[in-house]
Amino acid sequence: MENSTTAKKVMLSGIQPSGELHLGNYLGAVKNWAELAEEFDCYYFMADLHSITVRQNPADLRRRSVSQLAQYIACGLDPEKNTLFIQSHVHEHAELGWILNCYTMFGELSRMTQFKDKSSKNAENINGGLFTYPALMAADILLYQADYVPVGEDQKQHCELTRDVAIRFNNLYGDTFKVPEPYIPKVGARIMSLGTPTSKMSKSDPQGCVFIMDKPEDIARKFKRAVTDSDTENCVRYDPENKPGVANLMNIYSSVTGKRFEEIEREFAGQGYGAFKPAVGEAVIETLRPIREESERMLADKAYLQQIYTDGAKRATAVARRTLRKVYKRVGFVEKPF
Ligand code: TRP
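Reading the values: the criteria
- Residues numbered from 1 in each chain as written.
- Predicted model: local features only at pLDDT ≥ 70, side-chain atom pairs only at ≥ 80, totals over all residues.
- Heavy atoms only, no water.
- 1 Å grid on protein atoms, 1.4 Å probe; cavity = no way out; pocket = protein on both sides within 12 Å on 5 of 7 lines; lining within 4 Å.
- Points joined across faces, edges and corners; volume = space filled by probe spheres on them.
- Helix = DSSP H or I, 4+ residues; strand = E, 2+ residues; numbered from the N terminus.
- Nonpolar A, V, L, I, M, F, W, Y, C, P; charged D, E, K, R; others polar.
- Buried < 20%, exposed > 50% of the residue type's maximum accessible area, 1.4 Å probe, protein only.
- Arc of directions from axis to C-beta.
- Contact = heavy atoms within 4.5 Å.
- Phe/Tyr/Trp six-rings, centres within 6.5 Å; stacked < 30°, edge-to-face > 60°.
- Near = heavy atom within 4 Å.
- Polar contact = N/O pair within 3.5 Å; in protein donor to acceptor, adjacent residues only side chain to side chain.
- Areas by Shrake-Rupley, 256 points an atom, 1.4 Å probe, with all protein chains shown as cover.

K.L.:
Explain empty space enclosed by the protein here, please?
P.N.:
Gaps left between atoms show up when a probe the size of a water molecule is rolled over them. Considering all chains together, one arrives at two cavities of 30 Å³ or more under this definition. In this structure, the largest cavity encloses a volume near 50 Å³. In terms of lining residues, the largest cavity is bounded by Gln114, Phe115, Lys118, Leu130, Tyr133, Pro134 and His158. Contributing elements (two or more residues each) for the lining of the largest cavity: α6 (113-121) and α7 (128-143). When its residues are assigned to classes, the lining of the largest cavity shows four nonpolar, two polar and one charged.

K.L.:
Quick question: what am I supposed to make of helix α9 (residues 216-224) here?
P.N.:
Working note: α-helix, 3.6 residues per turn, so residues spaced by three or four point in the same direction. Buried within α9 are the following residues: Pro216, Ile219, Ala220, Lys222 and Phe223. Viewed end-on, α9 has its buried residues packed into an arc of 165°, placing them on one side of the element. Among the exposed residues of α9, those oriented more than 90 degrees off its buried face are Glu217 and Lys224. Next to the buried residues of α9 lie α1 (23-39), α10 (244-257) and α12 (273-299).

K.L.:
When you look at the packing of aromatic side chains in this model, what are you seeing that I'm missing?
P.N.:
The geometry of an aromatic ring pair is captured by two quantities: the separation of the ring centres and the angle between the planes. Tallied over the entire structure, the rule returns 19 aromatic pairs. Judged by centre distance (5.7 Å) and plane angle (75°), the rings of Phe40 and Tyr183 are edge-to-face. In this pair, Phe40 sits in strand β2 (residues 40-46) while Tyr183 sits in strand β5 (residues 181-183), placing the two residues 143 residues apart along the sequence. Considered together, Phe40 and Tyr183 belong to a single accessibility category, that of buried residues.

K.L.:
What is the right way to read the site of the ligand from this model?
P.N.:
As a structural note, the neighbourhood of the ligand is formed by Leu12, Ser13, Gly14, Gln16, Phe45, His50, Tyr133, Met137, Asp140, Ile141, Val149 and Gln155. Residue Tyr133 places a side-chain N or O atom 2.6 Å away from a nitrogen atom belonging to the ligand. Interatomic distance of 3.1 Å between a side-chain N/O atom of Gln155 and a nitrogen atom of the ligand. Taking 360 Å² as the accessible area of the ligand by itself, protein coverage stands at 90%.

That's the geometry; what it means functionally is another story.
This is the structure in structure tokens:
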């Protein structure tokens, strides 16, 4: 557990507490994170400092930060084996974030496609934090001397920038930061929207999106309405090119049951989509049921969750503090005598 004293490499990821976890997040990523803890020293935090770059309702932000933590634990992230915490509880993030702002170039930040994207979507609130967000993300990663950051396509550019900033700082002051690498997961299904099977499942399309906390009857309804393909053969066959809707459902079914595509084709031979869709819904309901119930149990026990994020923040602080102290020294701050 104790970071740099063990041989385990460090893995870190931030999670924005700005939406609910969905089946695509679960099958595509989080489900596989549980076992990473055997191989890596893993840190996961609720990135609340990042979330306020977009205006949030304070009560919602507070509730989601805790409820997402519960959901991640219920999905298999063991708080004994992983360091789970809330970003704002470890103030070193904000402090190193400021410092790295001074080592990140205006030109670099201007090239970030996510900034361009988000500022066009939030034209009424293009604030400085939205612009300098990648410097804070670099701080998140570099504080823990992370070796790996598991990132999706949308965060690759920020990871690249983190590497550039780390290298720049190391060149100026001598080795201070581990230069992290993106971690491309070995497994992980790419789950598409149930309504538009050509786009990724996303919370912005609630009808095509199954949330971890959805009630069974809502999950069943979403699968019954899932878009299948307009071919006339009405046959469960894996053909992602011509039958993306059926392929997506097969992918989901395979992920939750462990069955291979040939087995699925055999299981539903001669039955058509009318039988297949509710069967996938049922399998998903049974997979998510224990996760939802476990989340609800934890959310009813605030003291338990509080204990977890307190322990997590303490462990994280111990590591973050070491890095920050080194950085303060390197840049020339007077040592704090108290
Ligand atoms: N920027 C990430 C996102 O929007 C969240 C994040 C914040 C993060 N800090 C991080 C991810 C550090 C990986 C590492 O999803």
